[in-house]
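Structure at a glance
The lines below spell out each chain.
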Amino acid sequence: MKVWVGGALSELEDARVSVLDHGMTVGDGIFETVKAVHGRPFALTRHLERLARSAEGLGLPEPDLDEVRRACAAVLAANPMPLGRLRITYTGGLSPLGSDRGTDGPTLVVAIGETSRRPDTTSVVTVPWTRNERGALTGLKTTSYAENVVALARAHQHGASEALFANTVGRLCEGTGSNVFVVLDGELHTPPLASGCLAGVTRALTVEWTGAKETDLPLEVLDGAEEVFLTSTLRDVQAVVRLDGRGIGEGPGPVAAKAMRVFEERAAADPDPKSV
């Protein structure tokens, strides 16, 4: 396995980032996960656009997106695999202990791990913790991910693959690493970005390709939803068949099945769909 660090490819066992890197000490960093199919990244332009937005929101220097593209291409070429999880990490770099940033500049790491196609269906749970829709990190894809680690562990304890959050005012928000869609009276809805959810790349494409409505919804809407599905980079579109132990059908409902089919067809036709 070869990774990109320090401006070049390195063998995994030789790759080094300082223990004083701000991403390590205080979680001062951002990242993107990109699906790569037979060495070809999906929606890379959109992911890099979000990387730049996250850097701006966190106050990090603007990333050199040409360098990031070169790094991604080098890692993909050096590590051939059918389906990969390409991970781009960009941090505050070498810094003093504490919250102040140093002056050495940011750290860029690009790595990849082999993965497999997700099942068409999954189980989820809701958790008692909330997303802060007014926080400094709201809408940014940062490496400050411990909140998601805790919630996902809760999901796994209950035999589920994902945990869903409400925000601080009890509105449906998102999962630990996914966006959520619900079908109500035959219409497809997803929480708006104002709910505090991440502006998921797969979420945006699903909205554009299915005509889903962005709707402010209470968490309790999950109790009466006809269908629920998740979207994310590695899930694409994945139907939920159990929610807090309650069954929601035995397989993808008609709306989820159509969304899955549309997403697969459109993604195959255009591996790098640009923002509208």
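Residues numbered from 1 in each chain as written. Predicted model: local features only at pLDDT ≥ 70, side-chain atom pairs only at ≥ 80, totals over all residues. Heavy atoms only, no water.

**Points about the overall build of the protein chain**
- The secondary structure content of the protein chain amounts to seven helices and 15 strands.
- In summary, the protein chain has a C-alpha radius of gyration of 19 Å against a globular reference of 19 Å for 276 residues, a match within 12%.
- Expressed as a percentage of the 276 residues in the protein chain, the buried residues total 49%.
- When the accessible surface of the protein chain is summed, it comes to about 12900 Å², and 52% of that surface belongs to carbon and sulfur atoms.
- Of the side-chain charges in the protein chain, 28 are positive and 36 negative, and the distance between the mean point of each set is 3 Å. (Helix = DSSP H or I, 4+ residues; strand = E, 2+ residues; numbered from the N terminus. Rg over C-alpha atoms; globule rule 2.2 N^0.38 Å. Buried < 20%, exposed > 50% of the residue type's maximum accessible area, 1.4 Å probe, protein only. Areas by Shrake-Rupley, 256 points an atom, 1.4 Å probe, with all protein chains shown as cover. Lys, Arg positive; Asp, Glu negative; His and termini not counted. Charge placed at Lys NZ, Arg CZ, Asp CG, Glu CD.)

**Concerning the pairing of strand β9 (residues 172-175)**
- Direction of pairing for strand β8 (residues 162-167) relative to β9: antiparallel, over a ladder of three bridges. Bridge pairing in β9 links Phe165 to Glu174.
- Between the antiparallel neighbours β8 and β9 lie four residues, among them Gly170 with a positive phi of about 80°. (Pairing = 2+ DSSP bridges.)

**Topic: helix α4 (residues 146-157)**
- Under the 1.5 Å per step criterion, the end-to-end length of α4 is 17 Å for 12 residues, consistent within 8% with the ideal 16 Å.
- Here α4 has its buried residues at Asn148, Ala151 and Ala155. Relative to the axis of α4, the buried residues are bounded by an arc of 70° and lie together on one face. Looking at α4, the residues exposed on the side facing more than 90 degrees away from the buried face are Ala146, Val149, His156 and Gln157.
- Buried residues along α4 sit against β7 (121-131) and β8. (Expected span 1.5 Å × (residues − 1). Arc of directions from axis to C-beta. Contact = heavy atoms within 4.5 Å.)

**Digging into the packing of aromatic side chains**
- The final tally for this structure, using the stated rule, is four aromatic pairs.
- Between Phe31 and Tyr145, the aromatic rings sit 5.2 Å apart at their centres with planes inclined by 85°, giving edge-to-face as the arrangement. Placement of Phe31 in strand β3 (residues 29-37) and of Tyr145 in the loop between β7 and α4 is noted, with a sequence separation of 114 residues between them.
- Among the residues examined, Phe31 registers a relative accessible area of 4% and is labelled buried. (Phe/Tyr/Trp six-rings, centres within 6.5 Å; stacked < 30°, edge-to-face > 60°.)

**Comments concerning the pattern of salt bridges**
- Summed over the entire model, instances satisfying the criterion amount to 13 salt bridges.
- Put simply, Arg171 and Asp216 hold a salt bridge, and the shortest N to O gap is 3.2 Å. Of this pair, Arg171 sits in the loop between β8 and β9 while Asp216 sits in the loop between β12 (213-214) and α6 (221-224); the two residues are 45 residues apart in sequence, bridging distant segments of the chain.
- Judged by its relative accessible area of 45%, Asp216 is partly exposed. (Salt bridge = Lys/Arg side-chain N within 4 Å of Asp/Glu carboxyl O.)

**A closer look at the environment of Leu217**
- Within the secondary structure layout, Leu217 lies in the loop between β12 and α6.
- For the pair formed by Leu217 and Ser195, sequence separation is 22 residues and the distance between their alpha carbons is 9.0 Å.

**Observations regarding the nonpolar core**
- Counting 24 residues, the largest nonpolar core has Leu86, Ile88 and Val110 as its most contacted members.
- Breaking this core down by element, the ones donating at least two residues are β3, α2 (44-58), α3 (65-78), β5 (83-91) and β6 (107-114).
- When residues in this core are grouped by element, the largest group, six residues, is from α3. (Core = buried A, V, L, I, M, F, W, Y, C linked by side-chain atoms within 4.5 Å.)

**Thoughts on the sheet that holds β5**
- Spatially, β2-β1-β6-β5-β3-β4 is the arrangement adopted by the six strands of the open sheet, whose pairing is antiparallel. The sheet is open, and its two borders are formed by β2 (8-11) and β4 (40-41), each paired with just one other strand.
- Strand direction decides the pairing type here: β3 and β5, joined by nine bridges, are antiparallel. Note on β5: the bridge partner recorded for Phe31 is Thr89.
- Strands in contact with α3 are β1 (2-5), β2, β3, β4, β5 and β6; relative to β6, the strand with the most contacts, it is inclined by about 30°. (Axes fitted to C-alpha atoms, helices over the stretch in contact; angles between N-to-C directions.)

**Structural notes on the packing of α2 against α3**
- Orientation of α2 relative to α3, taken along the N-to-C sense of each, is 135°, at an axis distance of 11 Å. In terms of orientation, α2 lies oblique with respect to α3. Considering only the axes of α2 and α3, their crossing is right-handed. Contact residues: α2 offers Leu44, Thr45, Leu48, Leu51 and Ala52, while α3 offers Leu65, Val68, Arg69 and Cys72. (Parallel < 35°, antiparallel > 145°, perpendicular 65-115°, else oblique. Left-handed = near helix turned anticlockwise from the far one by under 90°.)

**Concerning unusual backbone geometry**
- Positive phi outside glycine occurs at Asp185, with the angle close to 50°.
- For Asp185, the position within the fold is in the loop between β10 (179-184) and β11 (187-190).
- Using a relative accessible area of 75% as the deciding quantity, one classes Asp185 as exposed.

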